[in-house]
Amino acid sequence: MERAFSHQALLYRDEHDYQAGTVPFVLDGLAREEPVAVAVPERQRRILLSALGPLAQHVRFVEMEAAGRNPGRLLPTVLQAFVDEHAGQPCRILGEPVWRGRSEAEYPACVQHEALVNLAFEGSSANILCPYDVATLGSAVVEDIEATHPTILDTEGSAVRRSPRFAPVEAYQRYNEPLFAPPEAFVIPFDLDTLSKARRAATEFAARSGVARERLDDLALAVGEVCANSVQHGGGRGELAVWSKDDGVVCQVSDGGKLADLLAGRRRASIHQDGGRGLFLVHQVADLIRTHVSDDGLTTHIHLDRS
């Protein structure tokens, strides 16, 4: 009998809680001969490696700080990639997308990612457990956890309860927050004829702001793809704004378009498909992507670190 999709959150407060909730999840998967992947921050990875001992060699470990730097990468390149690799098999993933140190800009993208997990895997047999360190993240995150996970595994890993607030689409929309460029931003209007000029101007601004040479190609690709979408789907024109931040640059693309598909850019891209690869590639090269959809159009923020 095929197992139903499960997306559960673990609320933990210390290392004891963490092991009590995560280790049985992993061991049960191994006992059932299910493929198991673990994508957690480095500190938690060390805890699990120690607790699992020799059995850890049978688990796929993913460096979450790198793979999940941009939460928009997690669905296609970590979760879906693992499920697709083991197509037809029940498999389980321990994934911790939110940790102490996530920036204020990254957290909304994490909540939206968790909301979209439910849409992306509906009808599958994936079993996903998401630990949350509520001792350091604070109690305010619990409402978001409950909105994006249908069941909750409380501290000590023993009590499972249904979430009273499960509403993933509403959670996604709650973080559809307005995005703005600061007054000092360098602004470039563009259309079909000036696409390359806008991309070049953004790249030159980033170079002057100290972005490493090897990352300039990433910025040019991301800006080029998002601006091209503006021309194709956002009314034929748009506005690009660029500014520096402490650790890099932000590029804002505004146009008259909409985001009809919440999973756009978050599906694995095939070289044979006609469209959709652009946003997928943008998520792969950017350090963070944020979007805001309003009645007036679509605004996208592309964050890129200096190195």
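What counts, and at which threshold
Residues numbered from 1 in each chain as written. Predicted model: local features only at pLDDT ≥ 70, side-chain atom pairs only at ≥ 80, totals over all residues. Heavy atoms only, no water. Helix = DSSP H or I, 4+ residues; strand = E, 2+ residues; numbered from the N terminus. Contact = heavy atoms within 4.5 Å. Axes fitted to C-alpha atoms, helices over the stretch in contact; angles between N-to-C directions. Parallel < 35°, antiparallel > 145°, perpendicular 65-115°, else oblique. Left-handed = near helix turned anticlockwise from the far one by under 90°. Nonpolar A, V, L, I, M, F, W, Y, C, P; charged D, E, K, R; others polar. Pairing = 2+ DSSP bridges. Salt bridge = Lys/Arg side-chain N within 4 Å of Asp/Glu carboxyl O. Buried < 20%, exposed > 50% of the residue type's maximum accessible area, 1.4 Å probe, protein only. Arc of directions from axis to C-beta.

Caption draft 1: A look at the side chain of T22. Counting through the fold element by element, T22 comes out in helix α1 (residues 15-31). Residue contacts for T22: discarding those within four places in its chain leaves L10, L48, L94, L129 and P131.

Caption draft 2: Examining the packing of helix α10 (residues 213-233) against helix α11 (residues 277-285) more closely. Between α10 and α11, the shortest axis-to-axis distance is 9 Å and the interhelical angle comes to 150°. By the angle class used here, α10 and α11 are roughly antiparallel. Crossing hand, α10 versus α11: left-handed. On α11, the residues that touch R215, D218, L221, A222, E225, V226 and N229 of α10 are G278, L279, L281, V282 and V285. Its residues placed into classes, the contact of α10 with α11 shows seven nonpolar, two polar and three charged.

Caption draft 3: Quick peek at the sheet that holds strand β9 (residues 237-245). Taking strand neighbours across the sheet as the criterion, the five strands line up as β8-β9-β10-β12-β11 in an open arrangement whose pairing is antiparallel. Either end of the sheet is taken by a strand with one partner, and the two such strands are β8 (186-191) and β11 (288-294). Pairwise comparison of adjacent strand axes, ignoring direction, gives a mean angle of 15° for this sheet. Here β9 pairs with strand β10 (residues 248-255) via eight bridges, running antiparallel. Paired with G238 across the bridge in β10 is D255. Running over the sheet, α10 touches β8, β9, β10 and β12 (297-305) and is turned about 175° from β12.

Caption draft 4: Here's a closer look at the pattern of salt bridges. All chains considered together, the criterion is met by 18 salt bridges. R165 is paired through a salt bridge with E146; the nearest N and O atoms lie 2.2 Å apart. Highlighted residues: R165 in the loop between β7 (160-162) and α8 (168-174) and E146 in helix α7 (residues 141-148), separated in sequence by 19 residues. A relative accessible area of 42% places R165 in the partly exposed class. A salt bridge links D287 to R215; the shortest N-O distance between them is 2.7 Å. Of this pair, D287 sits in the loop between α11 and β11 while R215 is found in helix α10, placing the two residues 72 residues apart along the sequence. Relative accessible area serves as the criterion here: at 8%, D287 is assigned to the buried category. On the basis of relative accessible area, R215 is assigned to the buried category, the value being 9%. Three or more residues joined by partner-sharing salt bridges are found here, namely D28, R32, E34 and R92.

Caption draft 5: Region of interest: helix α2 (residues 42-52). Turning to α2, its buried residues number three or more, namely Q44, I47, L48 and L52. Buried residues of α2, viewed axially, fall in a sector of 115°; they line one side.

Caption draft 6: The arrangement of the packing of α1 against α2 in detail. In contact at an axis separation of 10 Å, α1 and α2 are set at 60° when each is read in the N-to-C sense. Relative to α2, the element α1 lies oblique. In terms of crossing hand, the pair formed by α1 and α2 is right-handed. Across from E15, Y18, Q19, T22, V23, V26 and L27 in α1, the residues of α2 making contact are Q44, I47, L48, A51 and L52. Its residues assigned to classes, the contact of α1 with α2 comprises eight nonpolar, three polar and one charged.

Caption draft 7: Representation of the environment of N229 within the structure. Positionally, N229 belongs in helix α10. Taking the C-alpha atoms as reference, N229 lies 43 Å from G21; in sequence the two are 208 residues apart. Beyond its immediate chain neighbours, meaning those up to four positions away, N229 contacts G234 and L279.

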